[in-house]
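Coordinate inspection notes
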Protein chains: 2
Amino acid sequence: MKTIGVTLLLQGVLSLSFAQQNLVPYVHPLIGTEKMGHTYPGATVPFGSVQLSPDTDTLSYEFNGKYNGDVYRYCAGYKYEDKTIVGFSHTHFSGTGHSDLGDFLIMPTQGTLQLNPGTASDPKSGYRSAFSHANEVAEAGYYKVKLDDHNITAELTATQRVGLHRYTFPKSDQSHILLDLMAGIYNYDDKVVWTYVRVVNDTLVTGYRQTNGWARTRTVYFALSFSKPFKSYGQKNFDKPQVYRGFWRKFDQAHNFPEIAGKKIRMYFDFDTSEGEAIEVKMALSPVSQENALANMRAELPHWNFEQAKTRAQAAWNTELNKIQIDAAEPDKVNFYTAMYHAFINPTVYMDVNEQYKGLDQDVHQAKGTNYTTFSLWDTYRALHPFFNLMQPGRNNDMVASMMAHYNQSPLKMLPVWSHYANDNWCMSGYHSVSVLADAVIKGTYTGDPQAVLDACIATSNHRSYEGIGEYIDRGYIPATANGTSVSNTLEYAYDDWCIAQLAKKLNRADVYNTYLKRAENWRNVWDNSIGFMRPRLADGTFKKPFDVYATDGQGFIEGNSWNFSFFVPQNPTALVETMGGAKKFAARLDTLFSMHLPDKFFAETEDITREGIIGGYIHGNEPAHHIAYLYNWAGQPWRTQERIRQILRMQYKPTPDGLGGNDDCGQMSAWYMFSSMGFYPVAPGSAEYSLGSPLVKNAKLTLENGKTFTIETVNQSDKNVYVSKVLLNGMPLSQPMLNHADILKGGTLTFYMSAKPTKK
Amino acid sequence: MKTIGVTLLLQGVLSLSFAQQNLVPYVHPLIGTEKMGHTYPGATVPFGSVQLSPDTDTLSYEFNGKYNGDVYRYCAGYKYEDKTIVGFSHTHFSGTGHSDLGDFLIMPTQGTLQLNPGTASDPKSGYRSAFSHANEVAEAGYYKVKLDDHNITAELTATQRVGLHRYTFPKSDQSHILLDLMAGIYNYDDKVVWTYVRVVNDTLVTGYRQTNGWARTRTVYFALSFSKPFKSYGQKNFDKPQVYRGFWRKFDQAHNFPEIAGKKIRMYFDFDTSEGEAIEVKMALSPVSQENALANMRAELPHWNFEQAKTRAQAAWNTELNKIQIDAAEPDKVNFYTAMYHAFINPTVYMDVNEQYKGLDQDVHQAKGTNYTTFSLWDTYRALHPFFNLMQPGRNNDMVASMMAHYNQSPLKMLPVWSHYANDNWCMSGYHSVSVLADAVIKGTYTGDPQAVLDACIATSNHRSYEGIGEYIDRGYIPATANGTSVSNTLEYAYDDWCIAQLAKKLNRADVYNTYLKRAENWRNVWDNSIGFMRPRLADGTFKKPFDVYATDGQGFIEGNSWNFSFFVPQNPTALVETMGGAKKFAARLDTLFSMHLPDKFFAETEDITREGIIGGYIHGNEPAHHIAYLYNWAGQPWRTQERIRQILRMQYKPTPDGLGGNDDCGQMSAWYMFSSMGFYPVAPGSAEYSLGSPLVKNAKLTLENGKTFTIETVNQSDKNVYVSKVLLNGMPLSQPMLNHADILKGGTLTFYMSAKPTKK
């Protein structure tokens with residue numbers, strides 16, 4: 001405790017020594033809300049449990065056994081292209097490629113009560129409203145929009161666990177605030193398992209909702225408070241009639257009846273409003289109980305001062321954003337701080353103010369530290385968690401502890417794969433939590449028992465019945481017959497195994513180290529030297545025919561073709577260069593990747609990205625290629641890395657709603673941006689080395705949690721000067737394009753000398 | 001705390017002074033399992049949270065908007081008439097006329113795995129088994145049966161919160177224990193809202209199930225333990241395919257997969273068994289969490305000693321049964337102690353060993369004292385709770401506290417009507433919890449704040465929107481147009497209001513007393529003097545036409561016709577006698593009731609009773625008439641009361657499976673039996689006076705919780721000597737056929753002098 005006190009004190013001192021800038025204006029939450037970014041524009045605080053944001057559609061999904069692209073579009077609830085808003089719900093993923101959430105949709109309306117959302121083409125057919133981007137403001141921690149059909153201005157802000165709405169009504173004796181308990185993201189007919197609501201008094205409502213969504217067994221509890229007593233309220237149950245309910249007919253359950261339960265419920269609360277009268281609504285969430293939701297509300301937002309709540313939310317953002325102060329062109333600052341914003345809104349805190357949370361075992365637990373959820377690990381192990389190890393080590397420590405708690409609560413005894421809200425949805429491939437854990441231990445972030453971490457990694461990576469692991473252990477690769485993504489799985493397992501080896505090495509566990517270092521070589525087993533590509537292999541050892549190195553579907557890979565995935569040996573680029581025929585051939589091959597013309601038919605089967613998310617055949621919009629541009633460093637052509645990085649930074653990130661070339665993926669795309677724009681990148685998390693690229697910023701000042709400052713500065717920086725002629729660390733030239741994590745932690749200065757011409761040496 | 005210690009000490013001393021008899025053999029749990037009794041034959045401890053009992057059918061109920069008699073038959077899960085057993089489930093109501101529960105059905109089988117229950121007519125079509133009553137043993141706390149189709153002997157016993165099964169298998173490498181998580185009592189397609197199961201290891205499974213049944217929002221958590229590790233296990237999900245489950249295909253979820261969730265799940269556990277090998281199974285329940293269920297198991301049943309558990313369960317019963325030691329004919333002792341058994345199995349403890357329970361508000365609460373559930377108050381206010389005030393005041397105090405907790409957690413601010421498992425199902429009429437509360441305060445049982453009790457009674461009785469209360473308050477009666485059971489409601493409210501008046505009087509609240517004493521007179525407003533019957537009245541004050549005093553349906557009454565309900569003024573029989581034309585006419589009218597021939601067509605619409613449940617037109621099988629035989633005491637003809645009571649005791653209670661003439665109704669029928677067979681009855685709970693009848697026992701020794709003993713003895717008792725010639729209390733003759741509760745509490749002796757001829761004086 002003493003140590004923490006000192007750290008906080010040091011931070012206090014430091015925040016005095018560096019004047020805090022107002023960086024909130026550089027955050028444009030609308031970036032990524034158009035096309036494929038899948039970000040949301042609403043209000044949240046850093047790593048906030050509540051993400052209060054407008055939903056422009058809540059399509060119902062009738063299961064027909066196949067992929068439904070329309071629903072996929074609404075991963076974040078909001079599409080910039082849309083013309084209507086259905087309402088404001090309290091939970092949203094940022095940048096995912098599959099979805100869930102959208103809990104407790106609230107909508108203010110006026111006039112005749114409507115309890116159906118209506119359609120986008122005819123908003124007046126329901127409670128939704130047309131809106132215009134001209135009347136929309138989206139800031140970090142604040143959102144505002146005019147709801148044209150109801151002549152109501154809606155404003156949103158949030159605390160950690162409470163969403164605060166302010167609705168400014170016209171004069172009306174038919175003003176309503178709706179609570180749609182059927183609405184949700186990626187909705188389908190049976191998704192809402194149960195809803196329970198109790199109207200405690202004329203300003204307080206509590207309840208919960210259980211859903212069977214991407215998270216299979218998920219319950220969110222709430223406490224809802226109004227700044228003004230409603231004059232009446234009611235509900236409609238859209239479910240079919242139920243057995244047993246005879247004796248409930250003693251009540252008029254539709255009007256002013258305070259004990260509501262069922263599967264398909266929409267509620268309304270009625271008010272008289274004068275012209276310009278604002279009614280505020282607080283919605284507090286809890287993973288545990290209504291009582292906890294109410295306690296969260298009382299602890300975090302005991303007042304009705306919207307401006308104060310907004311100011312505090314934005315101050316919280318400013319504190320986070322100031323951890324890196326950059327000097328760069330204005331649009332680059334917008335990109336950079338919006339990237340930081342998107343990187344710092346997930347994982348989310350999953351714990352009440354009393355530190356209770358619901359575990360993977362569906363029982364209530366007391367957290368040690370802060371419990372987090374929403375781990376999109378296939379994405380985020382690459383750069384987001386490494387970024388946290390650098391700029392948020394305290395939180396990353398708690399995230400690792402949360403993943404260990406997940407493991408301990410798992411009847412499968414497995415670390416999370418893609419987990420949210422006390423569930424694993426098992427999305428994507430690999431067991432990349434081991435990368436996050438190893439990286440955190442190796443970089444000194446994790447304060448818990450590292451041996452327990454190693455044990456969890458070993459158990460997870462030996463779960464034979466999961467996704468071909470048994471075959472992988474027995475054969476050194478997964479036969480194509482056993483698994484549809486046998487090659488990418490084998491490659492990813494091999495990398496993860498290398499991480500476990502690094503962790504074992506750190507812990508002096510030679511036996512484990514040797515075992516896993518051997519497993520880390522398994523990438524070689526899916527290398528077909530006759531064609532020079534990674535390729536699916538059959539159980540008899542032969543390679544699968546036919547095979548297409550450009551295609552993704554059915555070729556043994558996930559979200560990538562062999563052209564991209566053949567570069568996926570981040571743990572040993574040197575060996576990969578050798579395998580691919582040496583440095584020259586390797587560099588030429590990279591050139592081809594970045595310059596090829598990928599036919600449209602292959603683009604069509606590449607999920608989650610726009611056409612602009614591709615440079616040649618390099619697919620930045622999906623993650624497997626994120627390290628590739630740095631591989632030139634291993635081919636003796638760092639200048640190529642430098643120009644490619646600058647190219648990607650410019651082409652794939654724009655300060656516009658359609659500015660992201662692919663899903664932000666819970667901050668992974670954003671973390672890539674921040675690292676790369678500062679000139680370095682963690683090619684292989686689990687290693688403490690960063691690979692150098694070409695900084696986009698003029699300079700960046702990193703205020704670390706240990707109290708040190710690390711400064712990145714450039715000489716001769718410009719849009720044309722994308723090449724690095726030399727790099728000094730604290731005045732001493734670096735001989736390799738590498739930077740060690742420990743050197744950053746010590747504090748110091750990294751100086752990039754920029755040039756318009758490559759330095760080929 | 002000191003007082004309790006002293007009381008316990010006194011009890012200890014007393015239990016030394018009266019040698020405990022072995023009364024368990026007099027308990028025949030099969031009584032009432034045939035025809036209309038709706039009791040269950042399985043194993044439970046006094047007021048046990050677990051009621052582990054065989055189910056002979058688990059019919060699925062497809063909602064078609066009308067009453068389904070077939071499902072109604074299975075209120076207790078077991079029908080003596082049936083030839084097959086589906087399995088053994090852990091929760092059962094005793095004697096109800098509507099139902100729910102039947103949680104966690106377990107069935108041992110052998111041979112080819114079957115995951116459907118099959119049909120009664122072809123038991124081999126599923127996992128169910130034929131059985132014979134010849135191979136069946138049902139005792140207090142113990143049940144045994146041979147499952148013929150599987151050649152398995154099943155034995156059951158229980159602790160407070162744990163069911164213990166012992167299955168003796170033949171030699172087989174295909175022995176199974178099934179856990180059917182779809183099964184339930186009064187089941188229908190959507191009843192199971194959600195099921196979650198985790199297989200912790202090869203002997204331990206935990207989980208929970210939420211149902212939308214008679215209790216709308218009800219979750220039961222469990223921990224299941226096997227005495228022998230299973231060799232394999234699996235599950236089948238009978239629900240339709242679900243959206244979102246793509247990534248779960250990474251696992252074989254059907255076999256040996258430990259993390260199970262869904263709506264329609266049946267599980268199986270496989271064993272190799274040698275000839276005669278016994279496998280034991282513990283199932284612990286909790287209203288709060290899996291963790292609590294496991295803690296309950298570890299606290300109550302840490303061993304695998306079935307005999308010890310059985311011995312303890314039966315010892316617990318013996319302790320309770322010995323509270324009244326009677327001398328009577330053997331069949332009468334069977335009736336008496338089985339009645340006591342049925343009276344002491346509900347309400348049930350609803351609280352974990354750590355004293356947590358789920359409240360009506362669906363949040364978790366810490367109990368003060370013992371929290372109880374299952375309050376069938378329309379039935380049990382009459383004699384069961386008064387019986388508890390006499391023989392179980394400590395528990396009744398906790399029951400009243402549980403009802404007050406319900407009130408405090410209720411968003412409606414209403415006391416329970418018919419509550420179970422954190423829900424009110426609102427079954428039947430009146431607000432009779434006020435009778436239970438008033439009786440407990442007036443008789444000195446309740447140790448909590450009596451003013452808060454009065455406040456709760458006032459709030460409940462003024463809930464205008466409930467069942468005509470608003471009209472009742474405004475007009476003094478409920479118009480027939482407002483409510484289908486307007487007359488019985490008016491009569492019952494009037495009685496309940498009198499209880500509130502008595503409570504107010506006790507608390508010196510003159511204002512409340514006057515208000516409610518006036519409301520207690522409202523029975524007069526549905527009395528039609530022109531026909532001499534209670535009768536539905538319209539809003540304009542006129543009486544409804546047509547009207548049939550024999551019919552029940554559509555006449556303004558619930559479970560009774562005007563002939564029976566016209567006697568429902570328990571709070572003021574004297575005034576009723578007057579109203580009905582004086583003592584002579586009144587007595588003649590009672591004679592007519594008991595001797596009339598009720599045409600079959602009226603019987604057909606009288607629910608819940610057998611033809612034998614009627615004496616003339618007196619319907620003992622339903623509760624509204626339970627006080628009627630005692631009313632002769634107010635008509636100057638106590639000898640008529642005496643002969644009728646003895647007649648009812650003989651005709652309506654027989655020591656056979658079909659021995660109960662109607663639903664036992666959570667012990668109300670049984671409490672009537674015990675009171676009446678000891679010679680007194682609480683005609684108007686809320687009064688401390690009992691009305692005297694004619695004892696059936698030779699004598700009865702009541703060991704009270706205050707350490708006193710009250711003895712009832714008879715002189716010249718015989719089957720023919722049903723008339724009482726005089727009664728002495730501690731040697732002094734009683735001038736009225738009344739006994740005061742306080743006189744019992746002081747301890748003493750009540751002596752009935754019996755005769756074959758009435759003493760008409």
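One structure accompanies this document, and this report is about it. (Residues numbered from 1 in each chain as written. Chains lettered and ligands numbered in written order. Predicted model: local features only at pLDDT ≥ 70, side-chain atom pairs only at ≥ 80, totals over all residues. Heavy atoms only, no water.)

1. Overview of the overall build of chain A
Scanning chain A for helices and strands turns up 20 helices and 38 strands. By the compact-globule yardstick of 27 Å for 761 residues, chain A fits well, its C-alpha radius of gyration being 26 Å. Overall size of chain A, expressed as C-alpha extent along the three principal axes, is 80 × 60 × 55 Å. The buried share among the 761 residues of chain A stands at 67%. When contacts within chain A are restricted to residue pairs at least 6 apart in sequence, long-range pairs at least 24 apart make up 70% of them. When the accessible surface of chain A is summed, it comes to about 24100 Å², and 52% of that surface belongs to carbon and sulfur atoms. (Helix = DSSP H or I, 4+ residues; strand = E, 2+ residues; numbered from the N terminus. Rg over C-alpha atoms; globule rule 2.2 N^0.38 Å. Buried < 20%, exposed > 50% of the residue type's maximum accessible area, 1.4 Å probe, protein only. Contact = heavy atoms within 4.5 Å. Areas by Shrake-Rupley, 256 points an atom, 1.4 Å probe, with all protein chains shown as cover.)

2. Quick notes on helix α16 (residues 583-595) of chain B
Residues and elements named next belong to chain B. Over its 13 residues, α16 extends 18 Å from the first C-alpha to the last, a length consistent with the 18 Å expected when each residue adds 1.5 Å. Buried residues of α16: Phe586, Ala587, Arg589, Leu590, Leu593 and Phe594, and no others. End-on, the buried residues of α16 take up no more than an arc of 160 degrees, which puts them together on one face. Facing away from the buried surface of α16 by more than 90 degrees, the exposed residues are Lys584, Lys585 and Ser595. (Expected span 1.5 Å × (residues − 1). Arc of directions from axis to C-beta.)

3. Quick word on the packing of aromatic side chains
Any two aromatic rings considered together are summarised by their centre-to-centre distance and by the angle between their planes. Within the structure shown, the criterion is met by 104 aromatic pairs over all chains. Centroid distance phenylalanine 226 of chain A to phenylalanine 269 of chain A: 4.8 Å. Interplanar angle 50 degrees. Geometry classified as tilted. Residue phenylalanine 226 of chain A is found in strand β15 (residues 218-226), and its partner phenylalanine 269 of chain A is found in strand β18 (residues 265-273); the two are separated by 43 residues along the sequence. Accessibility assignment for this pair places phenylalanine 226 of chain A and phenylalanine 269 of chain A in one class, buried. Here the basic side chain of arginine 209 of chain A rests over the ring of phenylalanine 104 of chain A, its NZ or CZ set 5.8 Å away from the ring centre. Cation over ring: arginine 216 of chain B sits above tryptophan 248 of chain A, and NZ or CZ is 3.8 Å from the ring centre. (Phe/Tyr/Trp six-rings, centres within 6.5 Å; stacked < 30°, edge-to-face > 60°. Lys NZ or Arg CZ within 6 Å of the ring centre and 35° of its normal.)

4. As for helix α19 (residues 668-678) of chain B
What sets the pattern is the α-helix's 3.6 residues per turn: residues three or four places apart point alike. Residue and element names in this part refer to chain B. Among the eleven residues that make up α19, eleven are buried, leaving the element largely enclosed by the rest of the structure. Looking at α19, one finds that the buried residues are Gln668, Met669, Ser670, Ala671, Trp672, Tyr673, Met674, Phe675, Ser676, Ser677 and Met678. Looking at the residues trailing α19, positive phi occurs at glycine 679, about 100 degrees.

5. Regarding the sheet that holds strand β7 (residues 136-139) of chain A
Residue and element names in this part refer to chain A. The strand order across the open sheet formed by nine strands is β7-β8-β9-β10-β19-β15-β14-β13-β17, and the pairing between neighbours is antiparallel. Whereas interior strands pair on both sides, the edge strands pair on one side only; in this sheet they are β7 and β17 (259-262). For this sheet the average axis-to-axis angle between neighbouring strands, irrespective of direction, equals 15 degrees. On top of the sheet, helix α3 (residues 290-300) reaches β10 (162-169), β13 (192-201), β14 (204-211), β15 and β19 (277-286); it is set at about 50 degrees to β15, its chief contact. Packed on one face of the sheet, helix α4 (residues 306-321) meets β7, β8 (142-147), β9 (152-158), β10 and β19 and runs near 50 degrees to β9. (Pairing = 2+ DSSP bridges. Axes fitted to C-alpha atoms, helices over the stretch in contact; angles between N-to-C directions.)

6. Description of the sheet that holds strand β37 (residues 738-740) of chain B
The strands making up a sheet associate through backbone hydrogen bonding, with each pair oriented either parallel or antiparallel. Residues and elements named next belong to chain B. Reading across from one edge, β31-β32-β37 is the order of the three strands in this open sheet, with antiparallel pairing throughout. Edge positions in the open sheet fall to β31 (680-681) and β37, since each of these has one partner strand only. Across two bridges, β31 lies against strand β32 (residues 689-692) in antiparallel orientation. Residue pairing across strands places tyrosine 681 opposite serine 691, the latter belonging to β32.

7. Points about the interface of chain A and chain B
At the junction of the two partners, chain A supplies 62 residues and chain B supplies 61 residues. On inspection of chain A and its partner chain B, the count reaches four salt bridges. Linking lysine 240 of chain A and aspartate 190 of chain B is a salt bridge whose minimum nitrogen-to-oxygen distance equals 2.7 Å. On inspection of chain A and its partner chain B, the count reaches 24 residue pairs in polar contact (both at pLDDT 80 or more). Listing elements by their share of the side of chain A that touches chain B, those giving two or more residues are β12 (187-188), β13, β14, β17 and α3 of chain A. Ranked by the residues each element gives to the side of chain A that touches chain B, the list is headed by β13 of chain A, at five residues. Taken together, the residues that form the side of chain A that touches chain B break down as 31 nonpolar, 16 polar and 15 charged. (Salt bridge = Lys/Arg side-chain N within 4 Å of Asp/Glu carboxyl O. Polar contact = N/O pair within 3.5 Å; in protein donor to acceptor, adjacent residues only side chain to side chain. Nonpolar A, V, L, I, M, F, W, Y, C, P; charged D, E, K, R; others polar.)

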